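# Remarks on the overall topology
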Amino acid sequence: MGIIPKIIPLLIIVIALFLRLYNITGFAEFLGDQGRTGIVIYEAWRDRAIPLVGPTVLTGQHLGPIWYYLIGPFYILAGFNPLGPAIGMAIYGSFATAALYVLSKNLFGRLVGSIVAVLWAVSPIIVHQDQVIWEPNLVPLFVILFLLGLTTRRNLLVWAATGVLVQLHYPNIIFVPIALVVTRFSLWGILLFLVILAPFFMYEIQHRFSDVVGVVNVMSQPSAISKRQFLSAFIDYTSRVFYRVIPTGNQIAMIVIQIMLAGVIVFTKNRFLVLLLGLYVVGISAMAKYQGLVYDHYLNFLLPLPFLFVGNALSYLRRYSKLGAIIVGAVLILWHVTKPDYFTLPRDDIGRTSTIASAIIADTKSNPYSFTVIGSPSFNDLHFRYFFLLGGSSPSDIRSGDYEKLYVICEIGQMCPSQPTTVDVMCFDYHCNGEYPKLNLTKWSYIKTIPIDGSYIYVFDTMTL
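Residues numbered from 1 in each chain as written. Predicted model: local features only at pLDDT ≥ 70, side-chain atom pairs only at ≥ 80, totals over all residues. Heavy atoms only, no water.

### With respect to the overall build of the protein
Keep this limit in mind: Going along the chain from the N terminus, every DSSP run of H or I of four or more residues is numbered as a helix, and every run of E of two or more is numbered as a strand. The quantity called the radius of gyration is restricted to C-alpha atoms. Its globule counterpart is 2.2 Å times the number of residues to the power 0.38. Here, two residues are considered to be in contact whenever any of their heavy atoms come within 4.5 Å of each other. In this description, accessible areas are obtained by the Shrake-Rupley approach with a 1.4 Å probe, and a residue is regarded as covered only by the protein chains that are shown. Within this scheme the basic residues Lys and Arg register as positive and the acidic residues Asp and Glu register as negative, but His and the chain ends are omitted. By convention, the point assigned to a charge is CZ for Arg, NZ for Lys, CD for Glu and CG for Asp.
Per the secondary structure count, the protein includes 19 helices and six strands. Against the 2.2 N^0.38 benchmark of 23 Å for 465 residues, the protein shows a C-alpha radius of gyration of 24 Å, consistent with a compact globule. Projecting the C-alpha coordinates of the protein onto the three principal axes gives extents of approximately 80 × 50 × 50 Å. Put simply, of all contacts in the protein between residues at least 6 apart along the chain, 74% involve residues at least 24 apart. As presented, the protein carries roughly 21,600 Å² of accessible surface, and 64% of it is formed by carbon and sulfur atoms. Distance between charge centroids for the protein: 19 Å, based on 31 positive and 24 negative side chains.

Here it is as structure tokens:
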């Protein structure tokens, strides 16, 4: 083997790292979910405590704590600068690229394996996903490791990946029966799985398995959707997943491509790919039967599969024309990298949020204060509370009235009023019980506006209350 085949995997990893680290200071998302993670990890580090339970999902149940164990070291090593875990996510994403290269090389050979890995490395949605500090975004990495364990018959890797997956998102429970069947009830593998889940089980025992019961109840609810609704959802979700590898917005074209790729799998009779096709159909069907809103991250457990399906088709084409496989692969890669919105405009979440929090802390001069958020890309205000926590500042409950100043933060400039009057209060968990009441600011004394990088802080004197 020459030097070039040895260099190619390294070049692919370098490409993946470059795209994920390029201007990561500006591109890294740091909103409420990231602030919540930072608060949990900071308080655990400060109090010398080990989290036994993870974040909550939209239906209210807790995940396992493995997310905090995987991302926590990056927070700590960076001195709790959120740029540290953002870089950590980029590293995990690049590791996923390397693992996919090994998996696809084993399945299809070095040439096709390289094409599949490059497609993953440059896919713009996956690049952006690997810059966001969020537990569902680690799911594809461990799915790839799960599949790598299956193909290499490493039962411990299969069960270790399964133990992580079920703690990152509940749809990943689908991997448990697969692991049981394929590994033939590997005793050591199951023991490893239980060890990885041990902290979560400790928490569930203390809380009478409330989260486990809640998930079972949600997943066992009968579906009331019609066949037409099911088919529409099935097509929508498959198109969303395949868009990562074949970025066409034409749903009909996407359906035709998927049917052709499935046909190649059936024709070539590759048992492993047939298993993955079955997993894909079952996974999409389960999501299509779900009556709630299905966000893109719900489908992350299926993301590696379209890349492998394309790899299988390229492998089949290579039997007849190596040049043809290279040309098709190159077209797909260029299709991604030449999209006009490949690099979105950076929002500089970390810089903006930390600067706003610092400006408020400096303005209060240690006097009691409270704050709220309007015009925000976040569903809650925990990204600001994270920086207040790091700054040793503790805002008062907005309902108490026990403060001298109120700071109204408007994050998106074009959504900000010249001077606020009556606005929706941004509330979540820490106050207002998740409701969004009206806040009549005309009763308070407006003092000034502090502009911060396209955002605004409206300062009010509340002593007249």
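The discussion continues.
### Quick look at unusual backbone geometry
In plain terms, the rule: The rule is simple: take the accessible area with a 1.4 Å probe, protein chains only, and divide by the maximum for that residue type; under 20% is buried, over 50% is exposed, in between is partly exposed.
For Asn-23, which is not glycine, the phi torsion reads 50° and is therefore positive. Mapped onto the elements, Asn-23 comes out in the loop between α1 (3–21) and α2 (24–27). The exposure class of Asn-23 is partly exposed, given its relative accessible area of 38%. Phi angles above zero are rare outside glycine, and Phe-209 is one such case at about 55°. Its place among the elements puts Phe-209 in the loop between α11 (187–206) and α12 (210–219).

### Quick word on the side chain of His-383
For the record, the criterion: By the criterion applied in these results, polar contacts are pairs of N or O atoms within 3.5 Å in which, for protein atoms, one can donate a hydrogen and the other can accept it, and in which residues neighboring in sequence qualify only through two side-chain atoms.
If you trace the backbone, His-383 turns up in helix α19 (residues 382–390). A polar contact of 3.0 Å, which involves the side chain of His-383, links it to the side chain of Glu-411. Aside from chain neighbours lying at most four places away, what touches His-383 is Phe-30, Leu-31, Gly-32, Gly-35, Thr-353, Ser-376, Ser-378 and Glu-411.

### Let's talk about the sheet that holds strand β1 (residues 369–374)
Which entries qualify depends on this criterion: Here, any two strands with at least 2 DSSP bridges between them count as paired. Each axis is a line fitted through C-alpha atoms, and for a helix only the stretch in contact is used; angles between axes span 0 to 180 degrees, taken between their N-to-C directions.
With respect to topology, four strands assemble into an open sheet ordered β1-β2-β6-β5, the strand pairing being mixed. Looking at which strands have only one partner, the edges of the open sheet turn out to be β1 and β5 (445–452). If you compare each strand with its neighbour and ignore which way they point, the axes differ by 20° on average. The sheet contact formed by β5 and strand β6 (residues 455–461) spans seven bridges and is antiparallel. Looking at β6, one finds that Pro-451 is bridged to Tyr-456. On top of the sheet, α19 reaches β1 and β2 (405–410); it is set at about 150° to β1, its chief contact.

### Re the environment of Phe-242
Structurally, the position occupied by Phe-242 is in helix α13 (residues 227–242). The exposure class of Phe-242 is buried, given its relative accessible area of 1%. Each C-alpha atom, one on Phe-242 and one on Leu-147, is 18 Å from the other, the two residues being 95 residues apart in sequence. In this view, Phe-242 contacts Met-254, Gln-258, Leu-261, Tyr-280, Pro-306 and Phe-309; residues no more than four positions away in its chain are not counted.

### Structural notes on the packing of helix α5 (residues 83–108) against helix α6 (residues 110–122)
Packed helix pairs are specified by the crossing angle of their axes together with the interaxial distance, meaning the distance between the axes. To keep things clear, this is the line we draw: Each angle gets one of four labels, with under 35 degrees taken as roughly parallel, over 145 as roughly antiparallel, 65 to 115 as roughly perpendicular, and the rest as oblique. If you view the pair so one helix is near and one far, a crossing is left-handed when the near helix is turned anticlockwise from the far one by less than a right angle, and right-handed when it is turned clockwise. When residues are grouped by polarity, Ala, Val, Leu, Ile, Met, Phe, Trp, Tyr, Cys and Pro land in nonpolar, Asp, Glu, Lys and Arg in charged, and all others, Gly among them, in polar.
Here α5 crosses α6 at 155°, and the two axes come no closer than 7 Å. Between α5 and α6, the angle is such that the two are roughly antiparallel. As for the relative orientation of α5 and α6, their crossing is right-handed in sense. Only Arg-110, Val-112, Gly-113, Ser-114, Val-116, Ala-117, Trp-120 and Ala-121 of α6 make contact with α5, whose side of the interface consists of Gly-93, Ala-96, Thr-97, Leu-100, Tyr-101, Ser-104, Lys-105 and Phe-108. When grouped by side-chain class, the residues that make up the contact of α5 with α6 number nine nonpolar, five polar and two charged.

### Digging into the packing of aromatic side chains
What describes a pair of aromatic rings is the distance from one ring centre to the other and the angle between the planes of the rings. To keep things clear, this is the line we draw: Pairs were defined over the aromatic rings of Phe, Tyr and Trp, the Trp ring being its six-membered one, requiring ring centres within 6.5 Å. Orientation was assigned from the angle between planes: stacked under 30 degrees, edge-to-face over 60, tilted for the rest.
A complete count under the given rule lists 25 aromatic pairs for this structure. Ring geometry for Phe-371 against Phe-388: centres 5.1 Å apart, planes inclined by 70°, an arrangement best described as edge-to-face. In this pair, Phe-371 is assigned in strand β1 and Phe-388 in helix α19, connecting sequence segments 17 residues apart. Pair check on accessibility: Phe-371 and Phe-388 agree, each one buried.

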